[in-house]
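# Descriptive analysis of the structure
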Amino acid sequence: MIRRLVAGDSLNITGVAIGLISLYTGWLTLKPNRISSGVSLSFHEIAGWPGLAIILGLWFVCFSLSYFRKGKLPALILGTAANLILVLSFVFTGLAATRLLGVEAPNARISLGIGFWMTFVATYIMIFASRQRLDNSPSLRHIVSWTGVVVLFFLLINGWFKDLSVLQEFSGYEERFIQELLHHVFLVGISVAIGTIIGIMLGTWATRSKRTEKPIFFIANITQTVPSLALFGLLIAPLSALSFTFPSLREIGIRGVGDTPAIIALTIYSLLPIVRNTYVGLRQVDTAVIDAGIGVGMSRTQVFRKIEVPLAAPLVLEGVRTALVQSVGLAAVAALIGAGGLGWFIFQGLGQAATDMILLGAIPIIVMAIIVDAIMRTMVRLVTPEGLTEGN
Amino acid sequence: MISLKKVTKNYGDTLAVNKLTIDIDSGEVCVIIGPSGCGKTTTLRMINRLIDPTSGHIFVDGLDVNTSKPEHLRRSIGYAIQSVGLFPHMTVEENIAIVPELLHWEKNRIIRRTAELLSLVGLNSREYASKYPNQLSGGEAQRIGVARALAANPPILLMDEPFGAVDPLTRERLQAQFIHIQQELKKTIILVTHDLDEAIRLADRIAIMYAGELVQYDTPEAILSRPANKFVHDFVGTDRALKRLSRISIKDIVKPAPSVSINTPMDEVYEACKKCRWVWVVDNDRRLIGWIDRTNLPKASSVKEAVVMGNREEIAVTNNATLRETLSRMLGQGLKSIPVIDDNGHFVGEVALSSIEAATAETEA
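Along every chain, residues carry numbers that run from 1 in the direction the sequence is written. Working convention: letters from A go to chains and numbers from 1 go to ligands, in the order in which they are written. Owing to the predicted nature of the model, reporting of local features is limited to residues with pLDDT of at least 70; listing and counting of side-chain atom pairs is limited to 80 or more, with chain, interface and lining totals taken over all residues.

## Quick word on the overall build of chain A
The cut-off we apply is this: Every helix listed is a DSSP run of H or I at least four residues long, and every strand listed is a run of E at least two residues long, numbered separately from the N terminus. Any residue surrounded by 20 or more other C-beta atoms within 10 Å of its C-beta is treated as buried, while 12 or fewer makes it exposed and the intermediate range makes it partly exposed; C-beta atoms here are placed from the backbone. By the convention adopted here, residues are in contact when the distance between their C-beta atoms, placed from the backbone, does not exceed 7 Å.
On a plain count of helices and strands, chain A comes out with 17 helices and 3 strands. Seen along its three principal axes, the alpha-carbon backbone of chain A occupies a region of about 75 × 60 × 35 Å. Across the 392 residues that make up chain A, the buried fraction comes to 40%. Put simply, 72% of the contacts in chain A that link residues at least 6 apart link residues at least 24 apart.

## Here's the deal with the overall build of chain B
Along the backbone of chain B there are 18 helices and 17 strands. The dimensions of chain B, computed from C-alpha atoms along their principal axes, are 80 × 55 × 30 Å. Put simply, chain B has 365 residues, and 41% of those count as buried. Sequence-distant contacts in chain B: of pairs separated by 6 or more residues, those separated by 24 or more amount to 61%.

## Topic: the interface of chain B and chain A
A common way to report how large an interface is uses the accessible area buried once the components associate. As a reminder of what qualifies: Here the nonpolar group is Ala, Val, Leu, Ile, Met, Phe, Trp, Tyr, Cys and Pro; Asp, Glu, Lys and Arg are the charged ones; every other residue, Gly included, is treated as polar.
Between chain B and chain A, the contact holds 21 residues from the first and 20 residues from the second. Secondary structure elements with two or more residues in the side of chain B that touches chain A: helix 2 (70-75), strand 6 (77-81) and helix 4 (98-102) of chain B. Residues belonging to the side of chain B that touches chain A are distributed by class as follows: 11 nonpolar, 6 polar and 4 charged.

## Overview of the sheet that holds strand 4 (residues 55-60) of chain B
All names here are of chain B. Worth spelling out the cut-off: At least two bridges found by DSSP between two strands are what make those strands a pair.
Read from one edge of the open sheet, 4 strands run 2-1-4-5, paired in antiparallel fashion. Edge positions in the sheet fall to strand 2 (14-24) and strand 5 (63-64), since each of these pairs with one other strand and no more. Inspection of the sheet shows strand 1 (residues 2-11) paired to strand 2 by 7 bridges, in the antiparallel sense. Each residue of the ladder has a partner; that of valine 7, found in strand 2, is leucine 20.

## Some remarks on the sheet that holds strand 12 (residues 278-282) of chain B
One open sheet holds the 4 strands; their spatial order is 11-12-13-14 (chain B), and the pairing between them is mixed. With one partner strand each, in any of the chains shown, strand 11 (259-261) and strand 14 (308-309) of chain B form the two edges of the open sheet.

## Observations regarding the packing of helix 4 (residues 72-103) of chain A against helix 6 (residues 138-157) of chain A
Residue and element names in this part refer to chain A. Test applied: For helices, the fitted axis covers only the stretch in contact; all axes are lines through C-alpha atoms, and the angles between them, taken along N-to-C directions, range from 0 to 180 degrees. If an angle is under 35 degrees, it is roughly parallel; if it is over 145, roughly antiparallel; if it lies from 65 to 115, roughly perpendicular; otherwise it is oblique. Helix crossings fall into two classes, left-handed where the near helix is turned counterclockwise from the far one by less than a right angle and right-handed where it is turned clockwise.
Relative to each other, helix 4 and helix 6 sit at 15°, their axes nearing to 10 Å. By the criterion of interaxial angle, the relationship of helix 4 to helix 6 is roughly parallel. In terms of crossing hand, the pair formed by helix 4 and helix 6 is right-handed. Taken together, the residues of helix 6 that come into contact with helix 4 (itself represented by Lys72, Leu76, Gly79, Asn83, Leu86, Val87, Phe90 and Val91) are Leu140, Val144, Thr147, Gly148, Val151, Leu152 and Leu155.

## Re the pairing of strand 4 of chain B
Residue and element names in this part refer to chain B. Pairing of strand 1 with strand 4 involves 5 bridges; the strand directions are antiparallel. In the sheet register, leucine 4 faces strand 4, and the bridge partner there is isoleucine 58. As paired elements, strand 4 and strand 5 share 2 bridges and run antiparallel to each other. Bridging from a neighbouring strand, valine 60 pairs with leucine 63 of strand 5. Turn length for the strand 4-strand 5 hairpin, with the two strands adjacent in sequence and antiparallel, is 2 residues, and the turn residue aspartate 61 shows positive phi of about 55°.

## Details of the environment of lysine 304 of chain B
Along the polypeptide, lysine 304 of chain B turns up in helix 15 (residues 303-306). Separated by 40 residues in the primary sequence, lysine 304 of chain B and threonine 264 of chain B have C-alpha atoms spaced 9.6 Å apart.

As structure tokens, then:
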């Protein structure tokens, strides 16, 4: 209704509105040192009036395009404008940071303000709107989605943003960052791998008999409701007791704190989505198909291997994807019980009230979750049997 | 070929099949029919050991089925079910090849066999081989189901309501094709259905079951004319005379009839019309295109002017139709005679009401 009244793309207009407001809110915060509070600068103060004019112009283009909803060209222009705004905001911000640091004391910190993040969100709303309009041309959709990110990545590794506080924080902890990043990947990888094996077994077992179905789901559901912090904490006591009683366990690294409880907790959390999806995946196989399989003379194992597994595989992998994305986030908490990972920066940052350090942990976790999600989605697509995708 | 000796199956207190004894001869179509819950599907599924009987014995070719491994037994017995159960992640070709593959056939042989079967069930193998089940219509899927059951050329075929899930028109076609294929292959077929018309049309012998027991086992003709008891009598219904008509094919009673071509001179047309009121008109390929009514002749100077054109499918019946369909068409349209064409539309002859009467009188006797 509103859409018809305004005659424009409401998603598009929302994005433009957020983008415009963001230009008048605090874009950068200039702090005399790492942890003190500072002064807020708005966009024209960091990019100058010409910079503001360029960005305003691009937003105007986006706004007008919300009234041209048909065809590929407007969608493509919209995507390009959004990507330009994204890249330019980063570039202006990076340049401003370098300039400001030259004038201010070397200890000063320049961190990103609410305005910057709002623009970031707004550009992605525009990119999303453009993607929607490009529904039938996947290649253009990918170009619109990824060009800005790729450009930013190259600017990032070429040091264009090195004077932003998060990256200053990074340069102070470079070695540690890489170490914790890899450790984060290790924690997630090993626990989801174990979770996948156990989860598939439990899920399959649950479909095989009514007697097992209930307790398996009861346990899987219950564990999911335990708050992560509590579960990590709960494991400390029994594991320390174990390692005290059996010193040999201690020697192979099983202790109340550290990796062992973290991996156990993350494994338990990854169980539910995998068990559930394995169960549903196997259950949704048409009984007539299984009956036909047995009827033509397949053995029970052949039915499982040739019919049930390929038909359930996409759903099982979908469960693994959920488990992975969830674990990437949950693993942050593992730092609390001494397991390390990117959570270490978050908790150190919290302790020191250093926002930049928190971001140094949080941003990579978000990026990692997005990447893992994209990879797993592709995998799911690859294992989906052709006969199940072509619905024509 | 197949014999069941005092086969009983009970589920707890309920008796699904009770001391069933039946012999099915080689190359015959035995249709098991009865109300739901009468044990017909259970009986069928005991033959390939999808269900094990509580007591009694089942012999295939004189061999107790219990002596062979269930998987091996099933690979030698074709199996087609109502819901078809095609494997959705496999192409039509892979679906058909499943049993030959279980039997470790050589690859080329499987490819040849698949193409052969597709053409047997009337589907173009180049077009259909690489399709997936979700791209098929209900009727096509059923035919693939039958092709899969026939893949390893088993002497026995078990079919559980194979034409149950399709629309009446498609069912009609599939049944006609079934008869055609069976004439060619001469398999021993046990087919379960709840559709009496289907049973009468397809069966060499019908086994009527009720509450787990065999009530009557005989040819369709015998069942229709001499129902064993009140249950069978009620089951076949009051229209059994009509049902009997579906046992008779038009092929058997069609009589040659005069026809003229579009270029026939008018005096010959007058000659042809002397004997009857109608004369059928065909084109140069002898395909039916319409008819001439004698009363129209004086007004016309050529066949072209006198002919009443008609849609071939609407005015004629094909020669593989049953007498029952034909009669229903004639009564519906108020015809005394109806032209008969073959599958290609060529004029074959006509069927008159009087010859239908004669045919029913014969079967009555």
